[in-house]
Amino acid sequence: MAVLGFEHVGIQIADIDKSISFYQEVVGLELLDQFLHTDGKMKLAFLGVKDQIIVELIEGYNPDLPDEGKVHHIAFEVDNIEAERKRLQSANVEWIYEDITVLPNGAKYIFFRGPDKEWIEFFEK
């Protein structure tokens, strides 16, 4: 297994500009990256400290969830997403997105479910 560490927590939001301002001005995080998802619909922003991403803001996914449903996923950094995908296939995980998605910045990810149906992401920078 090649989990390198914690990557980020994804939070579903309604207004990305408002949320970026809040996380910068109130929480004290820096905006590290921002772009339109490859699906052409969702807007993503990554905020953190000293080039370490802590929070991913997701606009356009589902802003109508109750407050306790805003946390979308937990992500772990991996060094070889293709090898991790094969390992997870052999572990018979329940997939959310089995295909590897490549973002405009070159990052890659896959999603699968934990034992309580929680969303887990493996993320390769």
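Note that residues are indexed from 1 along each chain, following the sequence as it is written. Per-residue local features of the predicted model are confined to residues with pLDDT of at least 70, and side-chain atom pairs are confined, for both listing and counting, to 80 or more; whole-chain, interface and lining totals are unaffected and use all residues. To get the side-chain values, all heavy atoms of the structure are used, and hydrogens and water are removed first.

1. Regarding the environment of His 73
Then comes step 1: Working definition: helices are DSSP H or I runs of at least four residues, strands are E runs of at least two. Numbering for both runs from the N terminus. Within the secondary structure, His 73 sits in strand 5 (residues 71–78).
Then comes step 2: Categorising residues by exposure relies on relative accessible area from a 1.4 Å probe, with only protein chains included: less than 20% of the type maximum marks a residue as buried, more than 50% marks it as exposed, and the intermediate range marks it as partly exposed. For His 73, a relative accessible area of 4% corresponds to the buried category.
Then comes step 3: Polar contact is the term for a pair of N or O atoms within 3.5 Å; when the atoms are in protein, one must be able to donate a hydrogen and the other to accept it, and sequence-neighboring residues count only if both atoms are side-chain atoms. In this structure the side chain of His 73 is engaged in a polar contact, spanning 3.1 Å, whose partner is the side chain of Glu 56.
Then comes step 4: Within the structure, the side chain of His 73 is placed 2.8 Å from the side chain of Glu 121, a separation counted as a polar contact.

2. Points about the sheet that holds strand 2 (residues 30–36)
Then comes step 1: DSSP calls a pair of strands paired once it identifies at least 2 bridges connecting them. Taken in spatial order, the eight strands of this open sheet run 2-3-4-1-5-8-7-6, and their pairing is mixed. Edge positions in the sheet fall to strand 2 and strand 6 (95–102), since each of these pairs with one other strand and no more. Neighbour-to-neighbour, the strand axes of the sheet open up by a mean angle of 20°, direction not taken into account.
Then comes step 2: Relative to strand 8 (residues 119–124), strand 5 runs parallel, the two being bridged by four bridges. Each bridged residue has a counterpart across the sheet, and for Glu 77 the counterpart in strand 8 is Phe 123.
Then comes step 3: Any two residues having at least one pair of non-hydrogen atoms within 4.5 Å are treated as being in contact. Each axis is a line fitted through C-alpha atoms, and for a helix only the stretch in contact is used; angles between axes span 0 to 180 degrees, taken between their N-to-C directions. Against the sheet, helix 1 (residues 16–27) touches strand 1 (3–13), strand 2, strand 3 (43–49) and strand 4 (52–59), its axis set at about 0° to strand 3.
Then comes step 4: Here helix 2 (residues 81–90) sits on the sheet in contact with strand 5, strand 6, strand 7 (108–113) and strand 8, set at roughly 165° to strand 6.

Functional significance is not addressed by these values, which are geometric in nature.
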